[in-house]
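Here is what each chain is made of, one letter per residue.
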Amino acid sequence: MSTEPTPSEFADLAEAIAREAAALAARRRAEGVEVADRKSSIVDVVTAADREVEDLVRRRIAEVRPDDAVLGEEGGDSAGTSGVTWVVDPIDGTVNYLYGRLDYAVSIGVVRGAPDPATWEPVAGVVVAPATGTVFRAEVGGPALRDGVPVTASSPATLAETLLSTGFAYTAERRRGQVAVLAELIGSVRDIRRGGSAALDCCAVGDGTVDAYYERGINPWDMAAGSIVAAAAGAVVRSWQAGDTRSFLFASPAVVDELEVLLHRAETVGLGVDPV
């Protein structure tokens, strides 16, 4: 590529790479999963497939975009000179992957600027679920697609009719705080779901299979691609500081304001912090 690709061309490239990576992840899952390492706690695992899939993604990006930066969950930050960063989670939902559950995904987001959700400029995002073959895709200025079909965020009539998705950290202390926040929420929403893949949770907001997704402490690679899909589908993306980390909310515009107020109050009670 001699000239700067359009967002659609970036999405085409991300989709091609993500599909190849998803096929590799699915093959390795069928062969049997090997735990290669642990990170923040004994339950925060890395499989050999995580590393192999990310290596594949990095190689494919380098072949066509050698001047771009890459931020990957397993391989860290590789500097670039183009101003474009690929934000990669090779297998989002590794515990699901380890157990043979379906909710795991290859997530590839393309952004401009530093790979910081607070400041980056989204370009394109692709999330592929290898176990089901589902492909979510979006680029700036275009629709959000699920398997090539446009999707839109839901529009629940009230907060009480809002289905909320969430996730948990891997350290016991942070999990206890997250549960305390949910205890403040559960009486105000329709129900709460926990799928185990932030990327797929973001996409679920985009296609209306949940009304909102909230989590405290997710990483850039967890939500880069999924947030682009959710936003392209009409969802609102918000974040704020909550204690020692950030909270993220992806929600239908019909309930986002009321839900954010509720979450700030729940975090104040559940975490003992005053979100700013």
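Before reading further, recall that the structure is shown in the block above.
Everything in this summary refers to the structure shown in the same document. Quick caveat: nothing in here was measured; it's all calculated off a predicted structure.

## Examining the overall build of the chain
Step number 1: Scanning the chain from terminus to terminus reveals seven helices and 15 strands.
Step number 2: Against the 2.2 N^0.38 benchmark of 19 Å for 276 residues, the chain shows a C-alpha radius of gyration of 18 Å, consistent with a compact globule.
Step number 3: Considered along the principal axes of its C-alpha atoms, the chain spans approximately 50 × 40 × 35 Å.
Step number 4: With 276 residues in all, the chain has 50% of them scored as buried.
Step number 5: Taking contacts inside the chain between residues at least 6 apart in sequence as the whole, the part at least 24 apart equals 63%.
Step number 6: When the accessible area of the chain is evaluated, it comes to approximately 11,500 Å², of which 50% is carbon and sulfur surface.
Step number 7: For the chain, the centre of its 25 positive side-chain charges and the centre of its 41 negative side-chain charges are spaced 4 Å apart.

## Here we look at the sheet that holds strand S12 (residues 191-194)
Step number 1: Taken together, five strands build an open sheet; the order of strands is S12-S11-S13-S15-S14 and the sheet is mixed. What marks the edges here is a single partner per strand, and that holds for S12 and strand S14 (236-242). Neighbour to neighbour, the strand axes of the sheet diverge by 20 degrees on average, direction disregarded.
Step number 2: Note: strand S11 (residues 163-166) against S12, four bridges, orientation parallel. Following the sheet pairing, Thr-166 is matched in S12 by Arg-194.
Step number 3: Where helix H5 (residues 198-207) meets the sheet, it contacts S11, strand S13 (212-216) and strand S15 (245-251), and its direction lies at approximately 150 degrees from that of S13.

## Quick word on the pairing of strand S3 (residues 69-72)
Looking along a regular strand, one sees the side chains alternate between the two faces of the sheet.
Step number 1: Where burial is concerned, the two faces of S3 agree: the one with Ala-69 and Leu-71 and the one with Val-70 and Gly-72 are both buried.
Step number 2: Where S3 and strand S5 (residues 84-92) come together, four bridges link them in parallel fashion. Note on S5: the bridge partner recorded for Leu-71 is Val-87.
Step number 3: Here S3 runs beside strand S4 (residues 76-78); their pairing, made up of three bridges, is antiparallel. Looking at the pairing, Leu-71 lines up with Asp-77 of S4.
Step number 4: The hairpin turn running from S3 into S4, its antiparallel successor, is three residues long.

## Describing the packing of aromatic side chains
Step number 1: Counting across every chain of the model gives four aromatic pairs.
Step number 2: The interplanar angle of 70 degrees and the centroid separation of 4.8 Å between the aromatic rings of Tyr-97 and Tyr-104 together place this pair among those described as edge-to-face.
Step number 3: Ring geometry for Phe-248 versus Phe-250: centroids 6.4 Å apart, planes at 15 degrees, classification stacked. Each member of the pair, Phe-248 as well as Phe-250, carries the same accessibility label: buried.
Step number 4: Members of the aromatic cluster, each reached through a chain of ring pairs, are Tyr-213, Phe-248 and Phe-250.

Thresholds applied
- Residues numbered from 1 in each chain as written.
- Predicted model: local features only at pLDDT ≥ 70, side-chain atom pairs only at ≥ 80, totals over all residues.
- Heavy atoms only, no water.
- Helix = DSSP H or I, 4+ residues; strand = E, 2+ residues; numbered from the N terminus.
- Rg over C-alpha atoms; globule rule 2.2 N^0.38 Å.
- Buried < 20%, exposed > 50% of the residue type's maximum accessible area, 1.4 Å probe, protein only.
- Contact = heavy atoms within 4.5 Å.
- Areas by Shrake-Rupley, 256 points an atom, 1.4 Å probe, with all protein chains shown as cover.
- Lys, Arg positive; Asp, Glu negative; His and termini not counted.
- Charge placed at Lys NZ, Arg CZ, Asp CG, Glu CD.
- Pairing = 2+ DSSP bridges.
- Axes fitted to C-alpha atoms, helices over the stretch in contact; angles between N-to-C directions.
- Phe/Tyr/Trp six-rings, centres within 6.5 Å; stacked < 30°, edge-to-face > 60°.

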